[in-house]
Each structure stands twice: as C-alpha cells, then as structure tokens.
Amino acid sequence: LDRFCLGLEPQTQRRCTSTIPAIKTPTGSKTADFVKKSKTFQAIQEERREQAERSVLISCPAKFSEKKFLDFFSKHGTVNKHFFYNSFGAYAVVEFSNKESIASLKESTGIPAVDHEAAVPFKSRLLSLKWPGIQSSNYPTPNFKEQSPPNIGDISNLLLQKHSVDEQLRCLTETLQLTEENISLRFLVCSLLGDIAGAYFPECIIRPFGSTVNSFGKLGCDVDMILDLDGIYARSQKKGSGLSLEYQVKTGPSERAVTQSILSVVGKCVDQFGPGCVGVQNILQARCPIVRFAHQPSGFQCDLTANNKVAMKSSELLFLYGHLDPRVRHLVFSVRCWARAHSITSSIPGAWITNFSLTVMVVFFLQQRSPAMLPTLDRLKELAGPSDKCVIEGNDCTIVSDLSKIALQKNTDTLEKLLQEFFEFYGNFPFNKASINIRKGKEQSKPEAAALHIQNPFEATLNVSKNVNAAQLERFVKLCQESAWLFQQKENLEPGSTQSNGSVSPWGFAALLAPSVASGTGVKSRRKKKTEPASSRIKNLLDSLKIKGGETVAKKGSA
Ligand code: CTP
Ligand code: MG
C-alpha cells in the first residue's frame, strides 16, 4: 500500500491506491477513468493537526518497560496511539483520545531543578520521563521506528533484488516515502511550535506545507511551516449594524514588514524558550522571510514562514497530482533520488535545481504524454466547485478539491518507459527559448532571460527556478542525456548477472545511480561497449535523441 493515503481509513486507503477502475462518465463515455472520492487535502491536514494537539513528545530513558510506560500514561486518559524512535536518545510520541489528558499530564509534571544553571520555566509538551530506581536491562526493547532514509548504497542493493525496472521504482518510493509515524511527528513539531507562537497570537496555527504534506516527502526532508494568522483576522471581519469595538494595533509600513516583525519575535521566542530548538537563524530579508532552526528531539530541520498561503496552495496542487495516479509519485521519487545521487539537487541553498522544480518538471512531462497522464492546472480550475474558489493576493488559486470530479485519460505506459522518456524529453528540451508551464500544459515562450524558466503555478509572474544558473542546467541536461542513453541499452534494463563474489552488477534504476554515469565513463565500463570512446558514445546519444526529439515535437504539433 502506498502510505501517502495516510489519514484515510484502511478501506479508503485500499481504494485509493488500487488500480482505478474504468467507470462510465456522466455523459456515457467509456474512455475516461474517474478518481474515486477520498478525503480532501484540507480534511486530511485538519485531522492530523487535531491528532497532534492531543499528543506529547517524551524523552525516554535508555532502558524501560513499554508496559509500565503505557500504564503510566493511561492514568491520564486513553492512549490512542504511541510509537518510539531514536534521535540521539530514545523518544516516544503519545497520542491521547482527548485533549484534557494533556492538561492532566501537565498538572502532574514539574519544572526540573538544574545544577549550576537556571531553567526557563516554559511548560511545553516536550517532556522527560524519569524512571526511578535501578533500571532493569531485561526489559524487552520496544520497537523503534526508523526516521531516516537508507543510504544510497543500501538503496542500490535493495533495488538489485527486484525483477524489473517498474518493481525497482515502486520499491524506491516505498523505501523513501514518509512513514505514518514520521508524518505524525512532523505535525507534532508544528503543534509544539504553535504553543510558542500562541503565547502572543492564541488563534494562530502553525501548519506544515511543502514535502511534508504534498505526498512527495522523503524521510529526512525538512519541515516547512507556515504561521497562519487567519484565525485572528476572521473574527475581526464580523461587522454588525450597532456599536462595535476594534482592537488598537501597531501598524507597519507594509504587510512584508509586519510579517518580518512577527517572525522576528517568534524566532526569538523559539530561540530563548523553545525546548529542543537550536541553531535559530532569522532570515528575514529573503523574498520569503523565514526563521530556520533545528528541532533536536525530532532531528528535523525546520523553516518557519508566515503569510505564505500561495505555497500552501502549491502543496495542495502537488498532493492532488500525486493522488491521481500512483505512477506520478513513483516517477517523482525516482527523479528526485536520481538528481540527489548526482548532486543535481543539494540540501544547501544555491544555483541548483530544487526538488520542487523537479516535481513541477515531472508534472509537465506527464501532461505532455499521449494520451496525457495528468490534467492541466487550467482544467483543475474548470472542474472546481463554488466552495473551491480561492484568490490569494490577487492570484486566482482555484483548483478542484474533490478528486472524483477528475476524469483521467487512459494511459498505460510503464514506469520504465516513462522514466526513459522523461530523460529524453528533458535531454532535448529547448530550455533556451521555452518556459515550463503546467497551467497550460504546454511550453510557452520564455518571458525573461533565466537559464531555466518554470512558471510558478499560482503566481504567473514568478519563476520557480530563478536561482538556477546555466552551468547547473547544463549538468542536468547532460545527465538526462546520459541516463536516456543508458536506458536505451536493453541489457541495462534486465537483472544483472551475479558475479563470482556474489554481488549483482548494477542494472535498471540502480545503474542510473552509479556515480560513473555522471562523470561520463558510464556503467558501460563493465560491458562490451567499454572500449567505445566517450565522445562517440555521446555523439550517438545525441543523434538518437535528435530523432526521438523530432518525433516528440511532431506529435505535439499534430495534437
Ligand atoms: N516553493 C515555491 N517556490 C519556490 C520554492 C518553494 O512556491 N521557488 C514552495 C513550494 O510549495 C514548496 C515549498 O515552498 O513545496 C517548500 O519548498 P522546499 O522545501 O524547497 O521544497 P519541498 O517541496 O518541501 O521539497 P524538499 O523535500 O526538498 O524540502
Ligand atoms: Mg521542504
């Protein structure tokens, strides 16, 4: 089962991830598949947020009895869920059935007396469990849930045990995607931060966005958070005809200045009062001001922004695309993993292509298939109902929220074919003149002189990949070309032979991850073509791409 349907009941999960059956369209056409009705993005987020509010994060001793642990917490109310994990020490997430249990737990919790220092008496939901007496080492070890992704070597070994490229790509998603527990922990960290910001703005909500919620998150990815102050403004809009009161407020010269000032105060509180929050940096002059910090007990790198509703809508859009067809996620996970393995993307900000850009590029590519695998953003807007209407800062961000209104065309391409053609498509894309535009699902002419132009889905004047320079784009294109060439060699697509030392030669997606591909020497070094000079290999590759590219252009022209 794909875990991205988390938050849905088990039955819904099965429905959502199984092959979507062809059903009749209301007009009687049998050609389209409709996506089955499932919970909306907002409903899933709201459910998770509410669960997090009923949860606590507990630092545990090295050895303890799980039974005694649960007995202790159950005294404060029914424990709905709990799990353990390691992050420089043992931790537990405990979710109660009722929020009152948290109050009861806090009631019986004391502020520690610290030697030679003084404690900031901020009562958060990050607690330490003290286990009196000598701890027995005979306690059975609880099951600790992994929160980190496997390394690239382990991933490659796992992939080599599969029997086809399609199996490899599905396995990759299952291995890298966020787990149920990891998503819960992310929402809990946001909720803990919400308690800090709530000291000033009680109605505020800190919501995760980006890859935590867009269905493309990989274990270990950062937690992007928005400080949502809408709850405050909602109350002030109620106007009656009689007498009324208004709060006296301080004002700033612009919305941006107010956001900066709020974030700077919240950042300061996180730094000075936030247990477990370290390395707090206020990056307030950025286009999108953020407070960046590490949350040690969870091991998460966090970016807190405010007033960034469009980014939340982009997360919903990607979530929607990720839910329409399981192949979308498999392809995005593969491309992201491939890009990371070859340092096309990086965790350090710079002139690199980002995961967000790559995801939009995959969506665009899938819109170009024949028949198209994904609808355009304009189509998602057409299908929207009155309650979906959404305008943010003058940008129309309306998209349909009910997936069952979306009809998909029948496209039966295998993942192997899709990945191969993704590389061919971008290995041959006219980046010098064309802009990638998922709203229209068609290339548009580039409005400005950026190396890579990807129109922001909801803010048409913005380029998502403005940071990318020509050198980084060229590396990406070269790698696409080499990977396309590698996949054109049929022997690379079948399980590799077992060597005398028991190892399996890299094949399929594992071959694409090999570092030698990026350097141009290629995995071919183990095969017959090893003697062929690199220059002639590249020339052959370019020739083959030109032909394929020509076909692609012709098809698009006739469509
Ligand atoms: N975003 C955007 N425009 C950009 C960069 C980011 O709108 N140029 C928004 C997107 O909604 C994106 C979110 O900000 O999903 C978070 O950005 P980032 O952390 O860079 O990307 P993620 O999608 O979260 O991917 P990653 O796993 O790399 O964190
Ligand atoms: Mg992110």
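These numbers were taken from a predicted model, which means no experiment stands behind them.

Visitor: What is the right way to look at the coordination of the magnesium ion (ligand 2) in this model?
Guide: Coordination angles at a metal have ideal targets, namely 109.5 degrees for four tetrahedral donors and 90 or 180 degrees for six octahedral donors. Only D222 (OD) and D224 (OD) from the protein reach the magnesium ion (ligand 2) as donors, at distances of 2.1 to 2.2 Å. Take D224: its relative accessible area is 14%, and that puts it in the buried class.

Visitor: What is the right way to read the site of ligand 1 from this model?
Guide: Around ligand 1, the structure places 15 residues, and the nearest of them are S211, D222, D224, N355 and V464. In this structure, an oxygen atom belonging to ligand 1 sits 2.8 Å away from a side-chain N or O atom of S211. The contact in question runs from an oxygen atom of ligand 1 to an N or O atom on the backbone of A311, over 3.3 Å. For ligand 1, the protein covers 77% of the area, taking 560 Å² as the surface of the free molecule. Mapped onto the shell around ligand 1, the elements with two or more residues apiece are α10 (309-324) and α12 (355-367).

Visitor: Quick question: what am I supposed to make of the sheet that holds strand β4 (residues 90-96) here?
Guide: Strand pairing within a sheet occurs via backbone hydrogen bonds; the two strands may be parallel or antiparallel. Here we have 4 strands laid out as an open sheet, ordered β3-β4-β2-β5, and mixed in their pairing. Here the strands that pair on one side only, and so sit at the sheet edges, are β3 (79-86) and β5 (126-128). Across this sheet, the average inter-strand angle for adjacent strands is 25 degrees, counted without regard to direction. Strand direction decides the pairing type here: β3 and β4, joined by 7 bridges, are antiparallel. Within β4, the residue paired with N86 across the bridge is A90. Across the face of the sheet, helix α3 (residues 66-74) comes into contact with β2 (55-60), β3 and β4 while running at roughly 135 degrees to β3.

Visitor: How do you make sense of the packing of aromatic side chains when you look at a structure like this?
Guide: Within a pair of aromatic rings, the relevant descriptors are the distance that separates the centres and the angle that separates the planes. Tallied over the full model, the rule gives 26 aromatic pairs. Ring geometry for F425 and F429: centres 5.6 Å apart, planes at 50 degrees, overall tilted. Here F425 matches F429 in class, with each residue buried. Taking the centre distance of 4.8 Å and the plane angle of 55 degrees together, the rings of F429 and F431 count as tilted. Here F429 and F431 have matching classes, each one buried. Sitting above the plane of the F300 ring, R186 keeps its charged end 4.6 Å from the centroid.

Visitor: What should I look at first to understand the packing of helix α14 (residues 415-427) against helix α15 (residues 470-488) in this one?
Guide: Packed helices, taken two at a time, are described by the angle their axes make and the gap between the axes. Put simply, α14 and α15 touch, their axes get as near as 8 Å, and they point 140 degrees apart. In terms of orientation, α14 lies oblique with respect to α15. Two packed elements cross with a definite hand, and for α14 against α15 that hand is left-handed. Where α14 approaches α15, its residues E416, L419, Q420, F422, F423, E424, Y426 and G427 are matched on the opposing element by F476, V477, C480, Q481, S483, A484, F487 and Q488.

The rules we used
Residues numbered from 1 in each chain as written. Chains lettered and ligands numbered in written order. Predicted model: local features only at pLDDT ≥ 70, side-chain atom pairs only at ≥ 80, totals over all residues. Heavy atoms only, no water. Donors = N, O, S within 2.8 Å, 3.2 Å for Na, K, Ca; no water. Buried < 20%, exposed > 50% of the residue type's maximum accessible area, 1.4 Å probe, protein only. Near = heavy atom within 4 Å. Polar contact = N/O pair within 3.5 Å; in protein donor to acceptor, adjacent residues only side chain to side chain. Areas by Shrake-Rupley, 256 points an atom, 1.4 Å probe, with all protein chains shown as cover. Helix = DSSP H or I, 4+ residues; strand = E, 2+ residues; numbered from the N terminus. Pairing = 2+ DSSP bridges. Axes fitted to C-alpha atoms, helices over the stretch in contact; angles between N-to-C directions. Contact = heavy atoms within 4.5 Å. Phe/Tyr/Trp six-rings, centres within 6.5 Å; stacked < 30°, edge-to-face > 60°. Lys NZ or Arg CZ within 6 Å of the ring centre and 35° of its normal. Parallel < 35°, antiparallel > 145°, perpendicular 65-115°, else oblique. Left-handed = near helix turned anticlockwise from the far one by under 90°.

Take it as geometry only, folks, not as evidence of what the structure does.
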